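Okay, here's what each chain looks like letter by letter:
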2 protein chains.
Amino acid sequence: MAFGLFTSRGFDATTVDEIAAAAGIGRRTFFRYFPSKNDVPWGAFEDELDRMRVRLKACPPQVPLMDAIRLALIDFNRVAPAQVPLHRRRMELILRVPTLLAHSTLRFTAWRAVVAEFVAERTGRRPDDLAPQAIAHAVLGVSVAAYEHWLDDPDADLGTLLDDAMRELAASFGSTLG
Amino acid sequence: MAFGLFTSRGFDATTVDEIAAAAGIGRRTFFRYFPSKNDVPWGAFEDELDRMRVRLKACPPQVPLMDAIRLALIDFNRVAPAQVPLHRRRMELILRVPTLLAHSTLRFTAWRAVVAEFVAERTGRRPDDLAPQAIAHAVLGVSVAAYEHWLDDPDADLGTLLDDAMRELAASFGSTLG
DNA sequence: CCTTCAGTGGCACTTGGTGCCACTAATGCG
DNA sequence: CGCATTAGTGGCACCAAGTGCCACTGAAGG
């Protein structure tokens, strides 16, 4: 798999020719499966988004908005213990390799849309209104911060970090009267 | 200037050769002034960051943390009325052209660091602790959301949008008890 | 058996980006 | 003034990502 090449040789130093050769396909065929080399670590992310959508919708309406988002966030990012190492390697690529970090922005747009849609539905606004967009952007930011800390600490639990990060943000507004 | 080419021909369709020719320099020389074509719309962003740093530091300690950030944010993004059109064109490129949006992530890292540093100093933590990082990420997200709305609405005031977006985020945590 | 069509991949081309090196002009020094 | 050094410039060759075009192959279907 291409992940092996990325971790051993480094992402930038691995050429598409090498990936294609390792996969036993032609270079031209590679680009029919992946729109770009940057998309390889992402896999079928769009499908994952449906999980997040469902998880958000499953939350009972009496749970406060940001609690609902926080809990869904933690659940969405839960991975089976056996797959933690792979998830770590994947996120390490996505968040630490500058080329991929930049590219990830485009993928995150779709993720934010899911959150914004949920907020809009809950608060009776349109998904592209300021509040849903601002909240979606903020939640994504908090998630990335949690992920970065998770990558820094081999023993850390991702769910705990996501929970902490969301609570820290909430607490930071504590002394604000508006 | 290169901006003219970008807005008339489109960013992706404008080649480096064309930019260099329009600027009356060689292609090789272009790459000595700009690390990449993507950096052209950014200009001297690092210098701008110092303005933000100073503005944050100038805020009296009795102002609550997120209020201080919000006010600095509004001030930092204030532009002279005469330069609004140019700022609009620039931000339109940066936030709407996918290539540039992706690239901007790398520039935003430096911006976040400024906020995280301020939060760390205020709360007695290290800049790379979870809370400062989470807050910095969130504030950046809120800013981008505000900018996107600003670009959508030709008559909108950027400062007002930034203020609103920050308040909306704060309010969204209102019903959370932790 | 022959036709059709989807999947494959070779080839050539464009473009961003880099290393190398030659050229030029300004500066500094005897 | 003449010469050496040096910074700035840019031409040239090269690499790698990505795309359009087209020929090939093999399976399905009449």
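Residues numbered from 1 in each chain as written. Chains lettered and ligands numbered in written order. Predicted model: local features only at pLDDT ≥ 70, side-chain atom pairs only at ≥ 80, totals over all residues. Heavy atoms only, no water.

Asks: Mind showing me how you'd approach the interface of chain B and chain A here?
Replies: By a widespread convention, an interface's size corresponds to the accessible area lost as its parts come together. In this assembly, 40 residues from chain B lie in contact with 41 residues from chain A. There are two salt bridges connecting chain B and chain A. At the surface where chain B touches chain A, the tally comes to seven residue pairs in polar contact (both at pLDDT 80 or more). Contributing elements (two or more residues each) for the side of chain B that touches chain A: helix 5 (65-76), helix 7 (98-123), helix 8 (130-152) and helix 9 (158-172) of chain B. Sorting elements by how many residues they give to the side of chain B that touches chain A places helix 8 of chain B first, with 14 residues. Residue composition of the side of chain B that touches chain A, grouped by class: 21 nonpolar, ten polar and nine charged. (Contact = heavy atoms within 4.5 Å. Salt bridge = Lys/Arg side-chain N within 4 Å of Asp/Glu carboxyl O. Polar contact = N/O pair within 3.5 Å; in protein donor to acceptor, adjacent residues only side chain to side chain. Helix = DSSP H or I, 4+ residues; strand = E, 2+ residues; numbered from the N terminus. Nonpolar A, V, L, I, M, F, W, Y, C, P; charged D, E, K, R; others polar.)

Asks: Can you walk me through the environment of Ile-25 of chain A in this structure?
Replies: With respect to the helices and strands, Ile-25 of chain A occurs in the loop between helix 2 (16-23) and helix 3 (27-33). When residues no more than four places from it in sequence are discounted, the contact partners of Ile-25 of chain A are Ala-20 and Phe-30 of chain A.

Asks: Could you clarify how one ought to interpret the nonpolar core in this entry?
Replies: As a rule of thumb, nonpolar side chains are buried together in soluble globular proteins. In terms of nonpolar packing, the biggest core is built from 98 residues, with Ile-69 and Trp-111 of chain A together with Ile-69 and Trp-111 of chain B touching the most fellow members. Contact partners of Ile-69 of chain B, with chain neighbours within four places excluded, come to Leu-56, Val-115, Phe-118, Val-119, Ile-135, Val-139 and Met-166 of chain B. (Core = buried A, V, L, I, M, F, W, Y, C linked by side-chain atoms within 4.5 Å. Buried < 20%, exposed > 50% of the residue type's maximum accessible area, 1.4 Å probe, protein only.)

Asks: Would you mind going over the protein's contact with DNA strand C with me for this structure?
Replies: Neighbouring DNA strand C are 15 residues, the closest being Thr-29 and Arg-32 of chain A together with Arg-27, Arg-28 and Lys-37 of chain B. The protein-proximal atoms of DNA strand C, defined as those within 4 Å of the protein, are 45% sugar or phosphate. In the model, a phosphate oxygen of DNA strand C is placed 3.1 Å from a nitrogen or oxygen of the Gly-26 of chain A main chain. Separating a base oxygen of DNA strand C from a side-chain N or O atom of Arg-28 of chain B is a distance of 2.5 Å. Those elements that place two or more of their residues in the surface near DNA strand C are helix 3 of chain A together with helix 3 (27-33) of chain B. A per-element tally of the surface near DNA strand C places helix 3 of chain A first, with four residues. Residue composition of the surface near DNA strand C, grouped by class: five nonpolar, five polar and five charged. (Near = heavy atom within 4 Å.)

Asks: Honestly, the domain arrangement of chain A in this entry has me stumped. Any pointers?
Replies: All names here are of chain A. Annotation of chain A at the domain level lists domain 1 (1-33) and domain 2 (38-173). Taken together, the contact pairs seven residues of domain 1 with ten residues of domain 2. Where domain 1 abuts domain 2, roughly 770 Å² becomes buried across the two surfaces, and 83% of that area is made up of carbon and sulfur atoms. Among the residues domain 1 hides against domain 2, the three largest losses belong to Phe-3, Phe-6 and Phe-11. Together they make up 68% of the total. Linking domain 1 with domain 2 are zero salt bridges. For the pair domain 1 and domain 2, the number of links is one residue pair in polar contact (both at pLDDT 80 or more). Here the side of domain 1 that touches domain 2 gets four residues from one element, more than from any other, and that element is helix 1 (residues 2-9). Its residues placed into classes, the side of domain 1 that touches domain 2 shows five nonpolar, one polar and one charged. (Domains from an automatic or database assignment. Buried area = accessible area lost by both parts, 1.4 Å probe.)

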